[in-house]
Amino acid sequence: MKKLIGRWEFLLFLLLVGVFILMSNLSPYFLNLRNLLDSTVHFTEKGVIAVCMTFIIISGNMDLSVASNMAMSAAVMGIAYRAGLGIFPAALLCLLVGALGGLFNGLVVTRVKLPSMVATLATFSLYRGIAYVLLGNQAITGYPYQFAEIGQGYFMGTNIPNQLVIFIGLAIIFGFILHKTTFGRSVYAIGNNEEACRYSGIPVDRIKVIMFTVNGLLAGLSAILLTSRIYSTRPNIALNYELEIITAVVLGGVSIKGGRGSMIGVVLALFLIGSSRFGMSLLNIPGQMMTVIIGFLLILAILLPQFLERFSAKSSEAPGKAA
Amino acid sequence: MARTAEKRRFAFSNLSSKRETSLVAFILILILGVTLRSPRFFSLANFHDILLDSAIVAIASIGQMMVVMTGGIDLSVGSGLALSGMLVGLIYKGGFALNPYLALLIGGLIGLGLGSINSLLVVKGNIPPIIATLGTMSIYRGMIFLASEGQWVSAHEMPSSFIRLARGTILGIPNLIFIAGVLYIIFYFFLSHAKTGREVYAVGGNLQAARVAGINTDKINYIVYSATGFLYGLCGVLWVSRFASAQPDTATGFEFSTVTAIVLGGVSVSGGTGRVTGVLLGAVLISIIENALNVTQINPFWKLAIQGIVILIAVAMDQIVRHRKKTKVVREQ
């Protein structure tokens, strides 16, 4: 029991319950299943990337380029569609471009041996730049209406948005890989001690390339979802998404130094941020205020566990001293 | 005979290993190339513009350089700059006829406050710098919107004396260049001759060793983040004065320009090495590239992509050179 209470994931769960109680008292429109389900589309686009970002951060790496990669792959998709390619081949191309962007990150990190933060800081600028070069200051619109089904539709006649189903599905698959497979264990091991992993024969570089490529692929997927939801493509879409994705992962209890974290924590954190945002928008709190709050959350997410650790260390010390 | 050849090679390798030399060479080649394509690039007026453009990024990059040298990074530079500038702009909007130099100082102090918050989070909160400043980046940016209610402070709300702060001249030198020059001289002496300045290198080079050697590493961290804040506070006021407007989205993404400048200038992202002269050249190079894009009428949207490619090439070359040096040492052993 004590172990459960001390767990970060449990704390997140309590916070989530707290937000629900608070928000439903503040706004009568909050506890409406349909509204709540609809509100999830605002974070599921980030969520599909966060599931793989969890792997990357646990391995002690970082990918700052995801939002730019989204813009780049969405731009390619838009141009391909406008050039006469069908929407579904164009969407496949979007996934391919995203994966290539991720692969390039992975190759730079493993072959040139640059710290991933620096490598993806460069591609953060590069990919966004390519999106601007491709689109200039124009927007691509006029996607066929079937395309909207992906990002705006509901799952088989229920009230559950397709996006939520895709996100939950991915979270389960990635959670399984992270916690139940050798690949997942290796990711933790790399985050704890990369050097030791190399000596014990873990294919560190191959794992890194796979993680970054999949992260890019998911950025492509997220770009499809976003384009299908907002129904247009501009070079400045998904600005600052990387900040919110990293915030969610870190808030979910993944150690920024690598080696620790769980998928359920990240999923809870996404729901926590999502429901707080939804509640605040019901209360007419401006978007900029939410940015401030997200920033605070990120910092608190790191300060709080340290504080708790210090506190529990003191309280467990005290009886020892008395004896 | 063989000995002198060896000596000469040594001297040459010493020269070529200096980042400044290769930067100057690269800048000269770039200027030549751009001039061949559009001759009007090569004029005194244009070079004057380039230097003016580079001044603000050059000032903020000094701070970013010190932070990166200690092994950290400050992503709040753009937001902090804009917040300091906006607050000073709001003072003018409120009708206070502030002396422009006092305004500059106030901006610097606001920045100092913001930088101290960063330093507290990093030192006391023990938060990795990239996360702490990623958080304050969005907090400071949000605070600009809250303080200004999304409104601009425009030229007619500022006295002309304030606008002249960034556009005037001292002894024939534009104020911006003069201020940047003074700051570079100060920080050059601080980093290469003052004890605290040398300790900044030591902390970034090897934190453990620096601690054992009795250096107060926390103090160094307080200093570099606060100094960075002070510098971007100054930049914020200069920015508002130069463009005669303070906007909520001023300088978004500016932190990446500073990172580009210092990486180009030869500051190692793993900490411990870097010189202000290199950083200055890096900042100038960014402005040259930007200006060249305008003059040669290449699609201005290339700027971001080129910035990315340039960072990538610069850090990759740095890494390859260092890797080769390491293997060379191993071989010689």
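You'll find the structure just up there.
Residues numbered from 1 in each chain as written. Chains lettered and ligands numbered in written order. Predicted model: local features only at pLDDT ≥ 70, side-chain atom pairs only at ≥ 80, totals over all residues. Heavy atoms only, no water.

> Would you explain the overall build of chain A in this entry?
The number of helices and strands found in chain A is 15 helices and 0 strands. Relative to its length of 323 residues, chain A is compact, with a C-alpha radius of gyration of 21 Å against a globular reference of 20 Å. Expressed as a percentage of the 323 residues in chain A, the buried residues total 52%. For chain A, contacts bridging at least 24 residues in sequence account for 78% of all contacts bridging at least 6. (Helix = DSSP H or I, 4+ residues; strand = E, 2+ residues; numbered from the N terminus. Rg over C-alpha atoms; globule rule 2.2 N^0.38 Å. Buried < 20%, exposed > 50% of the residue type's maximum accessible area, 1.4 Å probe, protein only. Contact = heavy atoms within 4.5 Å.)

> It is not clear to me how unusual backbone geometry should be interpreted in this structure. Could you clarify?
One can expect most non-glycine residues to show negative phi and most peptide bonds to be in trans. Residues and elements named next belong to chain B. The residue leucine 171 is not glycine, and still its phi comes out positive at about 50°. Within the element layout of this structure, leucine 171 appears in the loop between β1 (169-170) and β2 (173-174). Leucine 171 gets classed as exposed once you look at its relative accessible area, which sits at 80%. Even without being glycine, alanine 244 reaches a positive phi, approximately 50°. Mapped onto the elements of the fold, alanine 244 is located in the loop between α11 (217-243) and α12 (254-264). Relative accessible area serves as the criterion here: at 10%, alanine 244 is assigned to the buried category.

> Even after reading the chapter, I still don't get the pattern of salt bridges, so can you show me in this structure?
Side-chain pairs of opposite charge can arise where the charged atoms are in close proximity. All told, the structure shown has 11 salt bridges over all chains when counted by the stated rule. The salt bridge involving Glu194(A) is made with Lys208(A); its shortest N-O contact spans 3.1 Å. Linking Glu194(A) in helix α11 (residues 194-199) with Lys208(A) in helix α12 (residues 204-230), this pair joins segments that are 14 residues apart in sequence. Relative accessible area serves as the criterion here: at 25%, Glu194(A) is assigned to the partly exposed category. Among the ionic pairs, Glu20(B) bridges to Arg275(B), the shortest N-O distance being 2.8 Å. Here Arg275(B) lies in the loop between α12 and α13 (276-295) and Glu20(B) lies in helix α2 (residues 19-37), a separation of 255 residues in the sequence. A residue is classified by how much of its surface remains accessible, and Glu20(B), at 12% relative accessible area, is buried. What you see here is one network of salt bridges that share partners, running through Glu194(A), Arg198(A), Asp205(A) and Lys208(A). (Salt bridge = Lys/Arg side-chain N within 4 Å of Asp/Glu carboxyl O.)

> Hey, could you run me through the interface of chain B and chain A in this one?
How large an interface is tends to be reported as the accessible area lost when its parts come together. Listed by partner, the interface residues are 34 residues for chain B and 37 residues for chain A. Here chain B is connected to chain A by 0 salt bridges. Looking at the side of chain B that touches chain A, the elements with two or more residues in it are α6 (129-148), α12 and α14 (302-332) of chain B. No other element matches the 12 residues that α6(B) contributes to the side of chain B that touches chain A. A class-by-class count of the residues in the side of chain B that touches chain A yields 24 nonpolar, 10 polar and no charged. (Nonpolar A, V, L, I, M, F, W, Y, C, P; charged D, E, K, R; others polar.)

> In this structure, what is going on with a nonpolar patch on the surface? I would like to understand it.
Residues and elements named next belong to chain A. Taken together, Phe13, Leu14, Val17 and Ile21 make up a surface patch of nonpolar side chains, about 360 Å² in accessible area. Looking at where phenylalanine 13 falls in the secondary structure, it is placed in helix α2 (residues 8-26). Phenylalanine 13 sits in the partly exposed class, given a relative accessible area of 43%. (Patch = residues over 30% accessible without salt bridge, like charges linked within 9 Å, V, L, I, M, F, W, Y side chains within 5 Å. Areas by Shrake-Rupley, 256 points an atom, 1.4 Å probe, with all protein chains shown as cover.)

> I'm lost on the packing of aromatic side chains in this one. Help?
How two aromatic rings sit relative to each other is set out by the distance from centre to centre and by the angle between their planes. Applying the stated criterion across every chain, the model contains 18 aromatic pairs over all chains. Their ring planes at 90° and their centres at 5.9 Å tell us that Phe41(B) and Phe47(B) sit as a pair that is edge-to-face. Overall, Phe41(B) belongs to the buried group, its relative accessible area being 0%. Consider the rings of Trp239(B) and Phe243(B), whose centres lie 5.4 Å apart with planes at 55°: the pair is tilted. Residue Trp239(B) and its partner Phe243(B) are both found in helix α11; the two are separated by 4 residues, about one turn of the helix. Among the aromatic residues, ring-to-ring pairing joins Phe20(A), Phe30(A) and Phe278(A) into one connected group. Over the ring of Tyr241(A) we find Lys46(A), and its NZ or CZ is 4.7 Å from the ring centre. The side chain of Arg185(A) reaches across the aromatic face of Tyr188(A), ending 5.1 Å from its centre. (Phe/Tyr/Trp six-rings, centres within 6.5 Å; stacked < 30°, edge-to-face > 60°. Lys NZ or Arg CZ within 6 Å of the ring centre and 35° of its normal.)

> It is not clear to me how the environment of Trp302(B) should be interpreted in this structure. Could you clarify?
Examined against the element boundaries, Trp302(B) turns out to sit in helix α14. Taking C-alpha positions, Trp302(B) is 40 Å from His193(B), a pair spaced 109 residues apart along the chain. Excluding its chain neighbours within four sequence positions, the residues that come into contact with Trp302(B) are Val133(A) and Leu293(B).

> Honestly, the environment of Ile163(B) in this entry has me stumped. Any pointers?
Residues and elements named next belong to chain B. You can see isoleucine 163 is positioned in helix α7 (residues 160-167). When its relative accessible area of 14% is taken as the criterion, isoleucine 163 is described as buried. Once the C-alpha coordinates of isoleucine 163 and arginine 242 are considered, the two residues, 79 residues apart in sequence, prove to be 6.4 Å apart.

> What should I look at first to understand helix α6 (residues 87-111) of chain A in this one?
Structurally, the α-helix is built with 3.6 residues per turn, so residues lying three or four positions apart point the same way. Relative to the 36 Å expected for 25 residues at 1.5 Å per residue, α6(A) spans 35 Å between its end C-alpha atoms, a close match to the ideal helical length. Trailing α6(A) by a residue or two, Lys113(A) shows a phi angle of about 60°, which is positive. (Expected span 1.5 Å × (residues − 1).)

> I tried to follow the side chain of Thr228(B) on my own but got confused; where do I start?
All names here are of chain B. With respect to the helices and strands, threonine 228 occurs in helix α11. Threonine 228 sits in the buried class, given a relative accessible area of 0%. In contact with threonine 228, not counting residues within four places along its chain, are Gly63, Gln64, Val67, Asp74 and Val77.

> What am I meant to see in the side chain of Thr296(B) here?
Residue and element names in this part refer to chain B. Mapped onto the elements of the fold, threonine 296 is located in the loop between α13 and α14. The class of threonine 296 is buried, set by a relative accessible area of 11%. Here alanine 292 takes part through its backbone oxygen, which lies 2.5 Å from a polar atom of the side chain of threonine 296. Apart from the residues within four sequence positions on either side, threonine 296 is in contact with Val34, Arg37 and Ser38. (Polar contact = N/O pair within 3.5 Å; in protein donor to acceptor, adjacent residues only side chain to side chain.)

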